[in-house]
Amino acid sequence: MAAAAALPSISSPTSSSSTTTAFIHSSKTGARAYGPSFSNVRSYGTLKGRLPNSHKAIPGGIKILCAATKPAKSPAEEEWKVKRELLLQKKVRSVEVKEALRLQKENNFVILDVRPEAEFKKGHAPGAINVQIYRLIKEWTAWDIARPVDSKLGKDAKIIVACSAGGTMKPSQNLPQGQQSRSLIAAYLLVLNGYKNVFHLEGGLYTWFKEGLPAEAEEE
């Protein structure tokens, strides 16, 4: 049996995320193609004629082994280091729970509670607005996240974003980059969408309730 001979690799210009390569291997039984150039062809299907974008024609049929390209990250999926750098660059400040209460009362700050609705109804800061982003979907963009906020608040609104734990941007020995949280992800996405006065609740609502600050609940 003749040994398989490897043909030159073929770059795929059709990928939406990054340049990838398709590898064509020929053998006595036919050629096999590996790579995202052929991702629109059913696995192990047969492709006859020319390769995408008028690449050199391959006589006969070739066997296709599909390989999907890795999709680009959505803003919500970006690494925490990237999010943190932007939050610091945009001067997003963390505030302690008592300062947050004062800002809400004296300076018309709005507390944006990003917990699930069920948690929000069990207890939340008085006057808080609930916009859930506990379930991050890959296809969501910063605009998709901010859209429900846009319907309730303007871009110039002074917002304190809150979740259960809070997370932190402060470095420590064990966490040199701080700790990511739902509220920090929300703050990042709001900043990306053009919000200019975004703050973050340090210690989260867990600390708010622990400190005995005002809270209200909604009946089922």
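- In the annotation of an unreviewed UniProt entry, the entry for the chain reads Rhodanese domain-containing protein, and the organism field reads Linum tenue.

### Here's the deal with helix α1 (residues 80–89)
Okay, so step 1: Of the positions making up α1, those classed as buried are W80, K83, R84, L86 and L87. Here the buried residues of α1 occupy an arc of 165 degrees about the axis, which is enough to place them on one side.
Okay, so step 2: Buried-residue contacts for α1 involve α5 (182–192).
Okay, so step 3: The first or second residue beyond α1 is K91, which carries a positive phi of 60 degrees.

### Let's talk about the nonpolar core
Okay, so step 1: By size, the foremost hydrophobic cluster in this structure holds 27 residues, and its most contacted members are L87, L112, V149, I159, V161 and V198.
Okay, so step 2: Among the elements of the structure, α1, β8 (110–113), β10 (158–162) and α5 are those that each provide at least two residues to this core.
Okay, so step 3: Looking at this core element by element, the count peaks at 8 residues for α5.
Okay, so step 4: The contacts of L112, once residues within four sequence positions are left out, are I129, V131, V149, I159, I160, V161, A162 and L190.
Okay, so step 5: By size, the runner-up hydrophobic cluster in this structure holds 17 residues, among which are V95, F120, L201 and L205.

### A closer look at the pattern of salt bridges
Okay, so step 1: Counted under the stated rule, the structure contains 6 salt bridges.
Okay, so step 2: Its salt-bridge partner being E96, residue K170 comes within 4.0 Å of it at the nearest N-O pair. Taken together, the residues K170 in the loop between β10 and α5 and E96 in the loop between β7 (93–95) and α2 (97–106) connect sequence positions 74 residues apart.
Okay, so step 3: Here E211 ties to K98 by a salt bridge, and the two come within 3.8 Å at their closest N and O atoms. Of the two residues, E211 sits in the segment after α6 (204–210) while K98 sits in helix α2, which places them 113 residues apart along the sequence.

### Quick look at the packing of α1 against α5
Okay, so step 1: Interaxial distance between α1 and α5 falls to 10 Å at its minimum, and their mutual angle equals 60 degrees. On the basis of their axis angle, the class for α1 and α5 is oblique. For the element pair α1 and α5, the recorded crossing hand is left-handed. Where α1 abuts α5, its residues W80, V82, K83, L86 and L87 lie against L184, I185, A187, Y188, V191 and L192.

### Comments concerning the side chain of H200
Okay, so step 1: Along the chain, H200 falls in strand β11 (residues 197–201).
Okay, so step 2: A residue is classified by how much of its surface remains accessible, and H200, at 0% relative accessible area, is buried.
Okay, so step 3: Contacts of H200, omitting those with residues within four sequence positions, involve R93, S94, V95, I160, V161, G166, G167, T168, S181, S183 and L184.

### Some words on unusual backbone geometry
Okay, so step 1: If you check the backbone angles, K91 has positive phi at about 60 degrees while not being a glycine.
Okay, so step 2: For K91, the position within the fold is in the loop between α1 and β7.
Okay, so step 3: On the basis of relative accessible area, K91 is assigned to the exposed category, the value being 69%.
Okay, so step 4: A positive phi angle, close to 60 degrees, is found at N108, a residue other than glycine.

How each quantity is defined
Residues numbered from 1 in each chain as written. Predicted model: local features only at pLDDT ≥ 70, side-chain atom pairs only at ≥ 80, totals over all residues. Heavy atoms only, no water. Buried < 20%, exposed > 50% of the residue type's maximum accessible area, 1.4 Å probe, protein only. Helix = DSSP H or I, 4+ residues; strand = E, 2+ residues; numbered from the N terminus. Arc of directions from axis to C-beta. Contact = heavy atoms within 4.5 Å. Core = buried A, V, L, I, M, F, W, Y, C linked by side-chain atoms within 4.5 Å. Salt bridge = Lys/Arg side-chain N within 4 Å of Asp/Glu carboxyl O. Axes fitted to C-alpha atoms, helices over the stretch in contact; angles between N-to-C directions. Parallel < 35°, antiparallel > 145°, perpendicular 65-115°, else oblique. Left-handed = near helix turned anticlockwise from the far one by under 90°.

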